[in-house]
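Working through the structure, step by step
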Amino acid sequence: MPQTPAHQMMGTAAGDLRELTRYKIKFRWCPPGVFQMGSPETEAGRDSDETTVEVALTNGYWIGETEVSQEVWSAVMDTSPWNDRAGMKADPALPAIGITWEDAAEFCRRLTEIARERGDYPSDGEFRLPTEAQWEYACRAGTSTRFSFGDDIDASLAAEHAEYKAAADRRSRRIPEPVGRIKANPWGIFDMHGNVAEWCRDNYQSSLTDGEDPVFENDGSDRVLRGGDFSSEHVEIRSAAREMKTQRARSAQIGFRPVFVFENPQTAELAMAPESSLVPEMPEGLTGNQAGEVRKFTAFEIPCVWCPPGVAMIGSPDSEAGRNDDETQVEVVLGPGFWVGTTEVTQEVFRKVTDTQPWLDYGEPTDPQAPAVHISWNAANRFCKNLTMFARSADQIPQNVEIRLPTEAEWEYCCRAGTQTEFYYGHDPRLRNIHSYAATRAGVFGPVSHVIHVGKREPNAWGLYDMHGNVSEWCSNWYSRGLSGGTNPRGPAEGGQKVLRGGSWQDDASLLRSAARNPLNPEEASRKTGFRFVVAAD
């Protein structure tokens, strides 16, 4: 029977939802990406087997939205291991318990066999237990905190996100709760913290394995469990927490969830594309904890917002109104995260850093809180170099961190802030809402006739202002007709024009979209060209 090509089963964004197999088991998409696995030495409650390593997952995969329920297990395996066992309760909505590692692996093998019989799954795709790296990556869902819902030092949030022995209630629970009852993580995955501990593919070892797509397997019988269970303490349900059991262990605290993986996906080619860059390391103390966290940098106290590592589709779909043919979508993997200016650089800040005021040469008035205009790419690049020099000389950033113009991928990633609509605030075909978010002449309500003070419109989900309109913002890239995909793409090595993003107060709405691109010679400038900077590992 003909098989479905792997690329037709790929998700398009982290957390995409799909029902797989005739049992309609729900899965969430985990795109390729780079992350720090394990926990830093400063993390409260950490164990010595969690030393941080950098991991690159080059292939996307689907992971069960919930732990496998008793209902699903019985439908696939026609058995009920939890029956007639002390301390175990039969309930279709509860997780399948009393499951050994070998049982869980057999479930995955049988589910693969059933799926392939249908002919609508790739011949080289399979259901299996997640590797430790796949499990932790899916649990973190782009976060780097103790839990996917934050550091939660005082356990004030855990009860909303985890089924476990709460710090305020020292009585152990006796059975798990129904799957998917508490809040999901940022990718829509439930019960990654608590409920039942989950089998991973790996044999246990006292240190984590780094590199690309790591998995540790030997002849031993000790396997890894992740996530903690309903009787665990607060520190035992952390994203990095690890547990070891013999693969024949069977208890009410142990269950699992499967992943669906591909051997030859298109996504792997994207992640290793020629224009990709190596993933630098962000120095300790300069990493943010969550998207939208604000920190001030340099002697000029310029507010910046944290953009965490992640995977995104940049560009626009064929169906998007106003799109151009240079916006064909590509997938990008961005790591290790970076800081970006909360607003466009103001006249006040530009003058302090460069001791110049280019707008005066063109008759523009001085207004300290208006964006700096008549800024060429060359002038914006010099500003960034000067600010980097000042910050390093004052020991405010280390030598391996720089202040620079954002790449196109970085700009669109932080503009979208997790969205896929034409504007970061949603679809707006009649432009009825655009003036709440963008300073622009477009639309029918309240068009503007000049730039306005920065930060006067509504920000995006990560707290960034004026990503649509006000002034067009320079990116570091040379312009090409196609967008660059892959890991930290920097675009072509050379070219004749640089890229502007976000549109300006003078532009039509089509140029204000998140995916809109506009090329211009780097020495040119106008009353609608400005910029914002990023603070990133070099």
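Every chain is numbered independently, its residues counted from 1 as its sequence is written. Per-residue local features are limited, in this predicted model, to residues with pLDDT of at least 70; the limit for side-chain atom pairs, both in listing and counting, is 80 or more; totals at the level of whole chains, interfaces and linings are taken over all residues. The basis for every side-chain value is the complete set of heavy atoms in the structure, and neither hydrogens nor water enter the calculation.

With respect to helix α1 (residues 70-77)
The classification of residues rests on relative accessible area computed with a 1.4 Å probe and restricted to protein chains. Under 20% of the type maximum is buried, over 50% is exposed, and intermediate values are partly exposed. The helix count covers DSSP runs of H or I at least four residues long, the strand count covers runs of E at least two residues long, and both are numbered beginning at the N terminus. Buried within α1 we find Q70, V72, W73, V76 and M77. The buried side chains of α1 occupy one side of the element, clustering within an arc of 160 degrees when seen end-on. The elements touched by buried residues of α1 are β2 (25-30) and α2 (101-118). The positive-phi residue at the C-terminal boundary of α1 is D78, with phi of around 60 degrees. Relevant arc is that of directions from the helix axis to the C-beta atoms, nothing else. Every residue pair with non-hydrogen atoms within 4.5 Å of one another is taken to be in contact.

Observations regarding the environment of E236
The topology assignment puts E236 in the loop between β9 (222-226) and β10 (242-246). Judged by relative accessible area, E236 falls into the partly exposed class, the value being 40%. Between the C-alpha atoms of E236 and T343, which are 107 residues apart in sequence, the distance is 40 Å. If near-sequence neighbours (up to four positions away) are discounted, E236 is found in contact with G227, G228 and A241. Here a polar contact is recorded for every N or O atom pair within 3.5 Å, except that within protein the pair must consist of a potential hydrogen donor and a potential acceptor, and residues adjacent in sequence are included only if both atoms are side-chain atoms. A polar contact is formed between the side chain of E236 and the backbone nitrogen of E233, at a distance of 2.6 Å.

Structural notes on the pairing of strand β17 (residues 338-341)
Strand residues, when the strand is regular, have side chains that alternate between the two faces of the sheet. Side chains F338 and V340 of β17 all project onto a buried face; the interleaved residues W339 and G341 project onto the opposite face, where all are buried too. Note on pairing: DSSP must find at least two bridges between two strands before they are called paired. Across four bridges, strand β14 (residues 302-307) lies against β17 in antiparallel orientation. Paired with V305 across the strands is V340, a residue of β17. With two bridges connecting them, β17 and strand β24 (residues 534-537) associate as antiparallel partners. Pairing of V340 across the sheet is with V534, part of β24.

Read these as geometric descriptors, not functional statements.
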